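Residues per chain are reported as follows:
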Amino acid sequence: MSRLLFFLLAAATAFAADDPWAKVQALKSGTEIRVIKKGSTQPLIGKFDEADADRLLMVLKNEQVAIPKDQVDRLDYRPAGGRVTVTGKTTQNDPTAAQEPRAGMAHQPEGGGTTSTAGVNVGSRPDFEMLYRRPIGAPKK
């Protein structure tokens, strides 16, 4: 009995993994997406709101738009990633190490010290990645 249950559970999991629309439904709300509708030349770029079995809801500017699933040719998403990276480095100077005085300085203070540097790098946003493409020869409703 447990073998049959395991087999049915494995088959259900495999079937769900093959459904490309399940990935769309799993997207987090607020993710930036690009939707190419059937018969359209310009993509729609906005924020993902939610998706169910029949439609996709997205926010364009300040307006919520519903797109039927059968009208979506392709859906790309921009992965979440930090554009800003902060770097920092602190070094402790050894007071016992022999040091030459800097040019133009007759006397160098005794003892150790610390030196700190910090930086902020702003990179570009990650590219869109394809998440869903309408299957070729999809049945019409």
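Remember, it's a predicted structure, so these values are computed and weren't measured experimentally.

(A) View of the overall build of the chain. Across its full length, the chain carries 2 helices and 8 strands. The linear arrangement of helices and strands in the chain, starting from the amino end, is α-α-β-β-β-β-β-β-β-β. For the chain, the proportion of its 141 residues judged to be buried stands at 16%. For the chain, restricting intrachain contacts to residue pairs at least 6 apart in sequence, the fraction spanning at least 24 positions comes to 59%. Of the roughly 11100 Å² of accessible surface on the chain, 55% is carried by carbon and sulfur atoms.

(B) A look at the nonpolar core. In this structure, Val24, Ile33, Val35, Phe48, Leu56, Val72 and Leu75 are the most contacted members of the largest nonpolar core, which totals 15 residues. Secondary-structure elements contributing two or more residues to this core are helix 2 (20-25), strand 1 (32-37), strand 2 (44-51), strand 3 (55-60), strand 5 (72-77) and strand 8 (129-133). Apart from the residues lying within four places of it in its own chain, the contact partners of Leu56 are Trp21, Val24, Ile33, Val35, Phe48, Glu50, Ala51, Val65, Ala66, Ile67, Val72 and Leu75.

(C) Structural context of the packing of aromatic side chains. In this structure the tally under the stated criterion is 1 aromatic pair. Where Trp21 meets Tyr132, the ring centres are 5.0 Å apart and the plane angle is 80°; that geometry is what we call edge-to-face. Of this pair, Trp21 sits in helix 2 while Tyr132 sits in strand 8; the two residues are 111 residues apart in sequence, bridging distant segments of the chain. Like Trp21, the residue Tyr132 is buried in the burial classification. When the ring centre of Phe128 is taken as origin, the NZ or CZ atom of Arg78, which lies over that ring, is 4.2 Å away.

(D) Geometry of unusual backbone geometry. Unusually for a residue other than glycine, Lys61 sits at a positive phi of about 55°. Topologically, Lys61 is positioned in the loop between strand 3 and strand 4 (63-68).

(E) Quick look at the sheet that holds strand 1. Reading across the sheet, the 6 strands line up as 4-3-2-1-5-8 and stay open at both edges, with antiparallel pairing between neighbours. Two strands bound the open sheet, and with one partner strand each, they are strand 4 and strand 8. Neighbour to neighbour, the strand axes of the sheet diverge by 40° on average, direction disregarded. Relative to strand 8, strand 5 runs antiparallel, the two being bridged by 4 bridges. Counterpart to Arg74 in the pairing with strand 8 is Arg133.

Procedures and definitions
- Per-chain numbering applies: the sequence of each chain, read as written, is numbered from 1 onward.
- Since the coordinates come from a predicted model, pLDDT governs what is reported: local features require at least 70, and pairs of side-chain atoms require 80 or more to be given and counted, while whole-chain, interface and lining totals use all residues.
- Side-chain metrics in this entry use all non-hydrogen atoms of the structure; hydrogen atoms and water are not considered.
- Only DSSP runs of H or I reaching four residues or more are called helices, and only runs of E reaching two or more are called strands; each is numbered from the N terminus.
- The cut-offs for exposure are 20% and 50% of the maximum accessible area for each residue type, with area from a 1.4 Å probe on protein chains only; residues under the lower value are buried, those over the upper are exposed, and the others partly exposed.
- Note on contacts: a residue pair qualifies if any of its non-hydrogen atoms lie within 4.5 Å across the two residues.
- Per-residue and other accessible areas were derived by the Shrake-Rupley procedure at a 1.4 Å probe size, with only the shown protein chains allowed to occlude residues.
- Take the buried Ala, Val, Leu, Ile, Met, Phe, Trp, Tyr and Cys residues and link them wherever side-chain atoms come within 4.5 Å; each set so joined is a nonpolar core.
- Note on aromatic pairs: the rings of Phe, Tyr and Trp (six-membered ring only in Trp) are paired at centre separations within 6.5 Å, and the planes decide the class, stacked below 30 degrees, edge-to-face beyond 60, tilted for the rest.
- Remark: a charge is flagged as sitting over a ring if the NZ atom of Lys or the CZ atom of Arg is within 6 Å of the ring centre and within 35 degrees of the ring normal.
- The criterion for strand pairing is that DSSP finds at least two bridges linking the strands in question.
- Simply put, an axis is a line fit to the C-alpha atoms, just over the touching stretch for a helix, and the angle between two N-to-C directions goes from 0 to 180 degrees.

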